[in-house]
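# Coordinates in review
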Amino acid sequence: MAIPGYHGRVLDIDLSTGNIKSGALTPEDILLYLGGRGLATKLFFDRMEPAADPLGPDNVIIIASSPLVGSQAPTAIWGYMVFKSPLTGYLGGCNLGGNWGRAFKASGYDAIIINGCARQPVFIDLSPEKIEIRHASHLRGKNISESINLLTSQSPGSRPCQALVIGPAGENLVKYATVASDKYSLYNRGGSGAVFGSKNLKGIRVCGEEKIRISDKARYQASLDQANYLLKQSPITRRLMRELGTAGFVLLARHLNMLPHRNFLDAEPDVEKVKAISGEAIARCYLEKADSCYECPIACLRQTAIKTNDACLRCGQGPEYETVAMMGSACDIYDLDCIIRASYLAGELGLDAVSFGGTVACAMELAEKGYLTSGQSGDLELKFGRSELLEKLVELTAYRRGSGHLLAEGSYRLASACGHPELAMQVKKLEIPGYDPRASYAQALGYMTSPTGACHRRGGYAASLSLLGGNKGIPRFSLFQSPITIRNLQNTGIIQDSLGVCYVTGFAFGVEPWSRIVSSITGYDFSAARLEEIANRVASLERLFNLQAGLNPEEEGLLPSRFAEIPIMSEGKPRAISRENMLQMCRDYYRARGWNGNGRPGDSYLKAMKVEPKKAES
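Anyway, here's the lowdown on the structure attached to this text.

Thresholds applied
Residues numbered from 1 in each chain as written. Predicted model: local features only at pLDDT ≥ 70, side-chain atom pairs only at ≥ 80, totals over all residues. Heavy atoms only, no water. Salt bridge = Lys/Arg side-chain N within 4 Å of Asp/Glu carboxyl O. Helix = DSSP H or I, 4+ residues; strand = E, 2+ residues; numbered from the N terminus. Buried < 20%, exposed > 50% of the residue type's maximum accessible area, 1.4 Å probe, protein only. Pairing = 2+ DSSP bridges. Axes fitted to C-alpha atoms, helices over the stretch in contact; angles between N-to-C directions. Core = buried A, V, L, I, M, F, W, Y, C linked by side-chain atoms within 4.5 Å. Contact = heavy atoms within 4.5 Å. Phe/Tyr/Trp six-rings, centres within 6.5 Å; stacked < 30°, edge-to-face > 60°. Lys NZ or Arg CZ within 6 Å of the ring centre and 35° of its normal.

## Considerations on the pattern of salt bridges
Applying the stated criterion across every chain, the model contains 28 salt bridges. Here Glu 533 ties to Arg 537 by a salt bridge, and the two come within 2.7 Å at their closest N and O atoms. Here Glu 533 pairs with Arg 537, and both are found in helix 22 (residues 528–548), just four residues apart, close to one helical turn. Accessibility expressed as a relative area gives 35% for Glu 533, which makes it partly exposed. Classification of Arg 537 as buried rests on a relative accessible area of 0%. When salt bridges with common partners are traced through the structure, they connect Arg 37, Arg 458, Asp 497 and Glu 542 into a single cluster.

Rendered as structure tokens:
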């Protein structure tokens, strides 16, 4: 019998041959890697050849659930996906909320492994009774909403279904295409949609009502009561996120000189202009109601509406902070109508708003400096501030038309094609999100050491300590404290991703309540110390894969030279991060992790972590 909280089954699908196998999830993998991100990383590491082409049939997709998903634990609805990123060439990892994670768990499986490539468009139909690979030619070219509606409305039986799909951007192999369960519940960084597209996999439909067992129901209920109480006591999770959503951080980020401006040339967009794209402006002029992922008590999502040219209302979700920062101030755009319309369209076509905004900002700077020719830009006259181009650029990119073909490759390849790769604001070719690293040295280090490239989620959300840290805050410009801070934040993120819970809960409480909940569900002692050990193990496995895939940390793992050469003003002083400081912080971070000075987990450390490296690493 499976450990409580798990079904004990892993599904293995080869799209090339059509073979479908169901295997057992071993107790050892559960105890060492827990679920979600940890389990997905372990399954990926065991099966994936690091040198494989990210857009070839040998790339492996892993989607994994966790023991908390299927319970009543607050926010426990997230699923995690791991793949080799076509944008970076290294580990790709992202999570997704909404309704998908819970529906996948109810299908009776803890993880799904997908490799190979179908000869024609297909979707996977998954339920406890039957698994099929079915033709999806009728879905070719359909956007996210159309694809989901077609799959869920045509599902067999009376049980509700959920679908996970790609849009045209994924079909056209845009290197930062997303996979979505609705327009704004996305596996959204690193190009998961392009990996689906390369396999001719339009989506996955899941249907089921499988339940999980709870080992100690009395302890479980008491643990739930404590976690829910803490969420209600925090002003951030109780009020701020519900009233303004993540876009409520826009004005605060500007105040802290953290909001990107003009492709990170500075962090001082005009305050009055920023007010026009703030969470307050969204709430005042566009908000229909607060929304949430499945049964989430925080409700940080925004249901918004905007008038079209013919006076009709067009509805959607968002925009989130990252969308406002990267499509807005990073491009010197402050027309909220244009930002919202572009974000709606990006969601429908399946584009990552962070990478799209960062790539457009890069293109605008290249064009203004004369490095992007009119032929390359499709005679669009790209310039900072051209808000009327945003929606058009989304469409061109998703369909790889005209200048969209270059934009679809991401900022690094775009800037390299123009002879100026230094103008791409990225780490490991993944675009930097909406927090200027010069405004937080800890966040800068997080971008540099994130296993997936410049990601504030995988790298550790240090910006939150500056925005809302309270007594958890550290000095923003401490080279000494940043390495330990980032290791701790990254480990917390790994634990949250492995439990399938939302990072926003971290504003209300730490790891201990989760430890009590997962221990009561499984019947095993997942103490805070044990969860920390799991996080260290997962971080080491992620690092090993990237090193095997060819990562050179001192070449690809540092911030672009702009952040060393052009200071911003913050707290009355010029702030920049020299290359020497970048390297020193990385070395101190490696030491804090217990790795070697070059960032490689050593043999003795791996043995202590119970990690068995592949032969190439031994």
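## Some points on the sheet that holds strand 15 (residues 313–317)
Spatial ordering of the open sheet is given by 13-14-15, a layout of three strands whose pairing is antiparallel. The sheet terminates laterally at strand 13 (287–291) and strand 15, the two strands that pair on one side only. For this sheet, the mean inter-axis angle between neighbouring strands, taken without regard to orientation, is 20 degrees. Bridging between strand 13 and strand 14 (residues 301–307) involves four bridges; their strand directions are antiparallel. From the neighbouring strand, Lys 289 faces strand 14, where its bridge partner is Gln 303.

## Here we look at the pairing of strand 8 (residues 131–135)
In terms of strand pairing, strand 7 (residues 122–126) meets strand 8 through five bridges, oriented antiparallel. Residue Val 122 lies in a different strand from strand 8, and its bridge partner there is His 135. In textbook terms, the turn of a hairpin is the stretch between consecutive antiparallel strands, and for strand 7 and strand 8 this stretch comprises four residues.

## Looking at the nonpolar core
Judged by nonpolar contacts, the single largest core of 164 residues is most densely connected at Leu 68, Leu 351, Phe 356, Leu 393 and Leu 559. At nine residues, the largest contribution of residues to this core is made by helix 14 (residues 353–368). Once residues lying within four places of it in the same chain are set aside, the contact partners of Leu 559 are Val 427, Ile 432, Pro 437, Ala 444, Tyr 447, Met 448, Ile 577 and Met 582. Leu 11, Ile 61, Ala 103 and Ile 124 belong to the second-largest nonpolar core, a separate cluster that totals 28 residues.

## Some points on the side chain of Gln 496
Position of Gln 496 relative to the elements: it lies in helix 20 (residues 482–499). For Gln 496, the contacting residues outside a window of four places in its chain are Val 501, Cys 502, Tyr 503, Thr 505 and Gly 506.

## Observations regarding the packing of aromatic side chains
A full pass over the atoms with the stated rule returns twelve aromatic pairs. Through pairs of rings, three or more aromatic residues link up here, namely Tyr 321, Tyr 435, Tyr 461 and Tyr 503. Here the guanidinium or amino end of Arg 9 rests over the ring plane of Tyr 109, the centre of that ring lying 4.4 Å away. Between the NZ or CZ atom of Arg 530 and the centre of the ring of Phe 526, over which it lies, the distance is 5.3 Å.

## Description of the environment of Arg 457
Of note, Arg 457 is situated in the loop between helix 18 (441–449) and helix 19 (463–468). The class for Arg 457 is partly exposed, based on a relative accessible area of 26%. When the C-alpha atoms of Arg 457 and Pro 4 are compared, they prove to be 29 Å apart, with 453 residues separating the residues in sequence. In this structure Arg 457 touches Asn 95 and Tyr 503, once residues within four positions along its chain are discounted.

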